[in-house]
Amino acid sequence: MRLSCAVGLVASAVNMNGKYLVGTGDKMPVDFNDDYASKGHEYFDVWSPEIATHYGEVFWTSMGTLPLPEDIVQRFDGKAIAVTGYEMDQVMVEPTGQPGLSPEKDVSVPINWAYNHHYMTWMTGKHSKMQEIVVDPEDTMAHGAPTMWVALPTESASFRKDPSIPVSQFFSEGNGGESRKSFHGYPKGFAQLVDSPTSWTITPMQIDTRNRDCGVSPSDINNCTVFTPGPEPKQARFGRPAPLGTNYSGLLECPCTSRYAGDSYFYPDAKTKQLHHMFEASAGTCQVDQHVASAELCFEAGPALGINATQFINRTITNASMPPACSVAVHGNGSATVYYNTKGNGTCNGAAHTSGASTTSRVNVTLTLDLNATGAYKRSPKGVYCSNNHASPLAQFIPESESVADAVVSRMDCENWCIGNRLCWGCSVHCPSSELCQWNAIKSCGTVEHFAGKIKGDITQRIGNGTVTITTRGPADVWFGVGINASEMADAPYALISNGSGIMERQIGTCGSEAEHCPGDLLTSSVTVVSNTVEDGMRTILMTRPFAGLTDAHHSFHLGGQTNMNLITAVGSSQVFAYHKAHGPAQITLSSAGSATCVCDVGIQGDLCETGGENCGHFVKDCAPAPFGDLVTQKNPTCSSATYGGGLRCCTHKRILLDTDQEIRPELLRYHMKFRFWFQDYTKDKTGSPTHYNLDRIYYQTEANAGEYDVPPAFSLPGEEIPGYGKWPANTTTPGTSCTGQCPDGADCECVHTITYHWNVSNIRLLYAGGHCHAPSCLSIELFRNDTGTPQLLCRQLPVYGNGTFPVDKWDEAGYVTLPPCLWGSPEEGLEEPVFLPENTPLISIKKNRNTHLGHYGEMASWQMRGVSFPAESRGVFV
C-alpha cells in the first residue's frame, strides 16, 4: 500500500524553504517581498507516496492521483482557488512510510543524496481528470517516454457558471535540482486558477546518488556532509575520472552503461550500442549528400533493401540520362539490375506500380505488397486548371525549378499522394507566380479554367482507387500478425492478423503504457481475401484493398512516399488471437516496376540495447537546424542514437545507472516529495474585475525539439575518444566551445559551451520566467527580444551555487544551483513593468555552460514561463 498525505493549514507561517532570491530584467537580486505569509497568503502541505531506491537507481513514474486536504476541497467546491506560488522539498518522515503524521520531524533529503532531475506536477478539480496518452517518441514534453500523463477536462467542464476558469493546472517552473531554493511565486494580482480543486499528481524523476557507505536513514544526515562519491560507470563524465574533491555524482547526468546503450569504446563486448550503415530506396532523387559513395557499397545495398526480385545483376555505367550514383531497376522477367552510375543526371520519378517483399522476421512472418495505380487518373490536355486549385488544398507539391522535368515530378508526387487520401478528387496546376507552377491536391475541381498551360496533365482527375495486393505468410498452426509502418506497438499501427479463418484488421498499441499487453481496437474490414492456403506448415493469405484507408485508423498507402517501411510482427500460441507468444521486427522496400528506384545513403543508425544486444531501439531527434538552433550545426550527440552517450534515454524508470560488474547495494533510500501550495481566495468585484488573472504556461527550449543536449568537454585527451565525437583532433575545441587563456593545459584556461535558439512569439506579456539547467556547469541563460535588429535583454538568469554549509543551511549543498527567476510587475514590488510582445516578436535564447575539463550529458536549457495574452492597460486588477 502506498500512503500519501495532505494537511490543510490556513494560519500564517513562514516560507517552508526560507528566503528566496528574485530578479527582474538584468537585475538580481531585487527587493521583492518573497514572504507569502506576510502578504496574507495561506497554504496547505501535501506529501507523495514513498519513493524507495537503490544506489544508482532512477525513479521516474507517475505516483497516481492524490487527494488534497478535505478542508480545502470543501472550501473551494464550486469556486476557484488562486494558487499564488508553491514550494517543494524531498523529505524522510517519521514514522517511516507515514507522511504528514509528524511534519515537524521531516528531514530534508540533500540533493546530493537524491538528485531531483525534474518533476511534473498537476492540480486537478472535479471538472478534470488525469489520463495517460500515447505520444510521439520525440515529443519533448514526454522527455523520450512512449506515454505521458495529461490533465483533461471532463464533460461537466462545459456546463460551469464560468467556463473561463481553468479546471486544472500544471506546475513545473524551475523544476529540477534548482527547485527547492528557486522562487515559484508570482507578482500581485496574478495566479494559477483552478476551479473546484480536489487532487494533485506528481511524476518525479529522481536519481539516487547517495554513497551507501555513508548511510541512508534520518540518523545519517550528518554523515559525509562533504560529498563522498559512490561508484560510477565507465562512461560517466564522458569517460573521465571524477576530479579530486568533486561535489557531484556523475550519475545525475544519466550516463549510458554496460547495462544499456553503453558505447563500444568503453564496452567492446557488451553489444549495448550497435552501429549499422543504412540505405533507403527512394522513388525520388537522393540528396547530393546521400549519394552512395562507391560501386562496392551500392552492390551491397541493392539486394539488402528487400526489393522483390528473382536475381540481382550488378553494372557500373556512365550514362547521363540515368540517375546518378546507385539505383535499382526491376525488369518484367522478375530480375533486377543494380546500377552504379558515375555521371548520371536523370531522376527516379517512380511509377504507377510498385512492389516489394519484406525481410523475414525472427518469428518467420513476411509481408508482400503490390501497389498498382495504373489507370487511376485521367490527365487533361495542357492549358487548363481547376478554379478550386488554391482553395484549402489537401497538400501542395512545389517543383525545385521552372523546368518541365521538375513540373512532371511535382504532378507525379501529387498523384502518388492523392491515391492514398480518400478525400482527394485529384490534382490541379496552380501558378501563384508567373513562372513557377505547382500542383495541389484538391477536394473538388470547381470549374475548368484556361491558361497558357504548363504540361499535359495540368489537371489529373482520380477516376479509380488503385489496388493494393497484400500477401501475409507465417506459421499455419497459430495466428500471426503484421503491424505496418511501425517500429513498436506504441506507434499504434494498422495491423493484419492472419489465421485459419482469414484476416482481422486492428489498430494495436492503443492502451498507453500497456500497449504491449492489449489487443487494441477491432477495425471494420476493408480487405477482400482472395485465397487462404497452407503448404509445408506455412499459411499464405492473399488479399486486396484500395490505397486509401477506410478510416484514419486503417493505413493509407501512397506511391513514392512510402518506399521503405518498418514492420512489427508477432505470432500467437494458437489460432485464437490473444497475447503474443513471440515478436520481431522486419522491413519492406517498394521498388518501381519498369523504372529506376534510387538508393540513398542515409548514414549510420545506432541501436541502443540492453546487455547482449537485447531489446534494441533507435531514434533520430528533430533537432532544430540553423538559423533557428545550433544543435544540428554542432553535431550534438543527443540528436541521434548513433552518437548518443547519456541523458534521458538511458534514465528510464527503475534503471540502475551502474555497469554490470558493479554491485547493487541492498540499502534503500526512503523518502517522499513534499509540496506546499500558497493560495488566496479568487473573487470578482461588482464590475467583474477579478482579484487575480490566470497565468498561462509559456514553454520553449533553447535545445529546440531535442529535450536535452550534451555539453562536450572543450578538448580531447591524448589517446582517448569523446563520446559522440569519436577521435576528436587534439588541441581543437569541440563544437560550440570558446576558450580564454592558455588552453588546453594552462592554469588560466577557461572554456564555455554556448547554444542559441531563435523563434517568434505573439501577443504575450511575461510575468514570470524561469530557466531550467542542471548542476554543476550552468553559467547563464538569457532571453532577448529582437524586433528592432538590436537584441534587447528581457531576462538574465545567473545561477547561485551552493557553498557547502550543510547542515547549517540544509539547502546549501556545495556545487548545486539556485536559479532566481525573473518577475515583472509593479515598481512598488521592486519589479520592472512587464512588456507586451506583439504579433511575431522575434526572441533569442542564449545558454552557456562551463566545459573546460569535463563534459556533461543531458543538459537542459528550457524557458518555463508564465504570462497573459493582453497588454497591461487592457485589464484592471485589485487585491
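Reading guide: rules and limits
Residues numbered from 1 in each chain as written. Predicted model: local features only at pLDDT ≥ 70, side-chain atom pairs only at ≥ 80, totals over all residues. Heavy atoms only, no water. Helix = DSSP H or I, 4+ residues; strand = E, 2+ residues; numbered from the N terminus. Buried < 20%, exposed > 50% of the residue type's maximum accessible area, 1.4 Å probe, protein only. Contact = heavy atoms within 4.5 Å. Areas by Shrake-Rupley, 256 points an atom, 1.4 Å probe, with all protein chains shown as cover. Lys, Arg positive; Asp, Glu negative; His and termini not counted. Charge placed at Lys NZ, Arg CZ, Asp CG, Glu CD. Pairing = 2+ DSSP bridges. Disulfide = S-S within 2.5 Å. Polar contact = N/O pair within 3.5 Å; in protein donor to acceptor, adjacent residues only side chain to side chain. Arc of directions from axis to C-beta. Phe/Tyr/Trp six-rings, centres within 6.5 Å; stacked < 30°, edge-to-face > 60°. Lys NZ or Arg CZ within 6 Å of the ring centre and 35° of its normal. Core = buried A, V, L, I, M, F, W, Y, C linked by side-chain atoms within 4.5 Å.

Asker: Can you tell me about the overall build of the chain, naming the residues and giving the values?
Answerer: A tally of regular secondary structure across the chain gives three helices and 54 strands. Out of the 879 residues in the chain, the part that is buried amounts to 56%. Contacts in the chain between residues at least 24 apart in sequence constitute 75% of all its contacts with a sequence separation of at least 6. Entry remark: accessible area of the chain is about 35,600 Å², with carbon and sulfur atoms responsible for 51%. Computing the positive centroid from 61 side-chain charges and the negative centroid from 88, the chain places the two 4 Å apart.

Asker: So what's going on with the pairing of strand S29 (residues 494–499)? Which residues, and what values?
Answerer: With six of six residues buried, S29 lies mostly within the body of the structure. On S29, burial covers both faces: Tyr494, Leu496 and Ser498 on one face and Ala495, Ile497 and Asn499 on the other are all buried. By the bridge criterion, six bridges tie S29 to strand S30 (residues 502–507) in an arrangement that is antiparallel. Bridge pairing in S30 links Ala495 to Arg506. Hairpin connection, S29 to S30: the antiparallel pair is bridged by two residues.

Asker: Can you explain the state of the cysteines? Please cite residues and give values.
Answerer: Tallied over the full model, the rule gives 15 disulfides. Across the disulfide, Cys298 is cross-linked to Cys326 (sulfur-sulfur distance 2.1 Å). An S-S torsion of about 80 degrees defines the bridge between Cys298 and Cys326 as right-handed. One end of the pair, Cys298, is in helix H2 (residues 295–304); the other, Cys326, is in strand S16 (residues 325–330), with 28 residues separating them in the sequence.

Asker: An account of the side chain of Ser182 is needed here, citing residue identities and associated values.
Answerer: By the element assignment, Ser182 lies in the loop between strand S11 (168–171) and strand S12 (190–195). Within the structure, the side chain of Ser182 is placed 2.9 Å from the backbone nitrogen of Leu819, a separation counted as a polar contact.

Asker: Account for H2, with residues named and values stated.
Answerer: Three or more residues of H2 are buried, namely Ala295, Cys298, Ala301 and Gly302. Looking straight down H2, one finds that the buried residues subtend no more than 125 degrees of arc, so they occupy a single side. Residues Glu296 and Ala304 are exposed on H2 and point more than 90 degrees away from its buried face. Where H2 is buried, its residues meet strand S14 (273–282), strand S15 (312–317), S16, strand S17 (336–341) and strand S37 (596–610). Gly306 lies just past H2 and shows a positive phi near 85 degrees.

Asker: Please give an account of unusual backbone geometry that cites residues and values.
Answerer: With omega at 0 degrees, the peptide bond leading from Met28 into Pro29 counts as cis. As for its position among the elements, Pro29 is in the loop between strand S1 (5–9) and strand S2 (42–47). Residue Pro627 is reached from Ala626 by a cis peptide bond, and omega for that bond is 5 degrees. Residue position: Pro627 is located in the loop between strand S38 (614–617) and strand S39 (669–681).

Asker: Which residues make up the packing of aromatic side chains, and what are the values?
Answerer: Counted under the stated rule, the structure contains 30 aromatic pairs. Where Phe238 meets Tyr857, the ring centres are 4.3 Å apart and the plane angle is 15 degrees; that geometry is what we call stacked. Of the two residues, Phe238 is situated in the loop between strand S13 (197–208) and S14 and Tyr857 in strand S53 (residues 856–859); the sequence distance between them amounts to 619 residues. The exposure classification of Phe238 matches that of Tyr857, with both residues buried. A centroid spacing of 5.6 Å and a plane angle of 85 degrees characterise the contact between Tyr385 and Phe451, whose relative ring orientation is edge-to-face. Of the two residues, Tyr385 sits in strand S21 (residues 384–386) while Phe451 sits in the loop between strand S25 (448–450) and strand S26 (459–462), which places them 66 residues apart along the sequence. The positively charged end of Arg649 is found above the aromatic ring belonging to Phe619, 4.1 Å away from the centroid. Above the face of the Tyr260 ring, Arg655 is positioned so that its terminal group lies 4.1 Å from the ring centre.

Asker: Before we move on, could you go through the side chain of Thr209 and cite the residues and values that matter?
Answerer: Of note, Thr209 is situated in the loop between S13 and S14. Engagement of the side chain of Thr209 in a polar contact is seen with the backbone oxygen of Asn112, the distance being 3.0 Å. Contact partners of Thr209, with chain neighbours within four places excluded, come to Tyr55, Ile111, Asn112, Trp113, Ala114, Tyr115, Phe227, Ser249, Leu251 and Leu252.

Asker: Please give an account of the nonpolar core that cites residues and values.
Answerer: Most often, soluble globular proteins have nonpolar side chains that are buried together. Counting 44 residues, the largest nonpolar core has Leu369, Leu371, Ile484, Phe547 and Phe557 as its most contacted members. Apart from the residues within four sequence positions on either side, Leu369 is in contact with Thr354, Ser355, Gly356, Val468, Thr469, Ile470, Phe557, Met565, Ile588 and Leu590.

Asker: Kindly report on the sheet that holds S29, identifying the contributing residues and their values.
Answerer: Across the sheet, which stays open at both edges, the six strands sit in the order S31-S30-S29-S28-S34-S35 with antiparallel pairing between neighbours. In this open sheet, the two strands that pair with only one neighbour each are strand S31 (521–522) and strand S35 (582–589).

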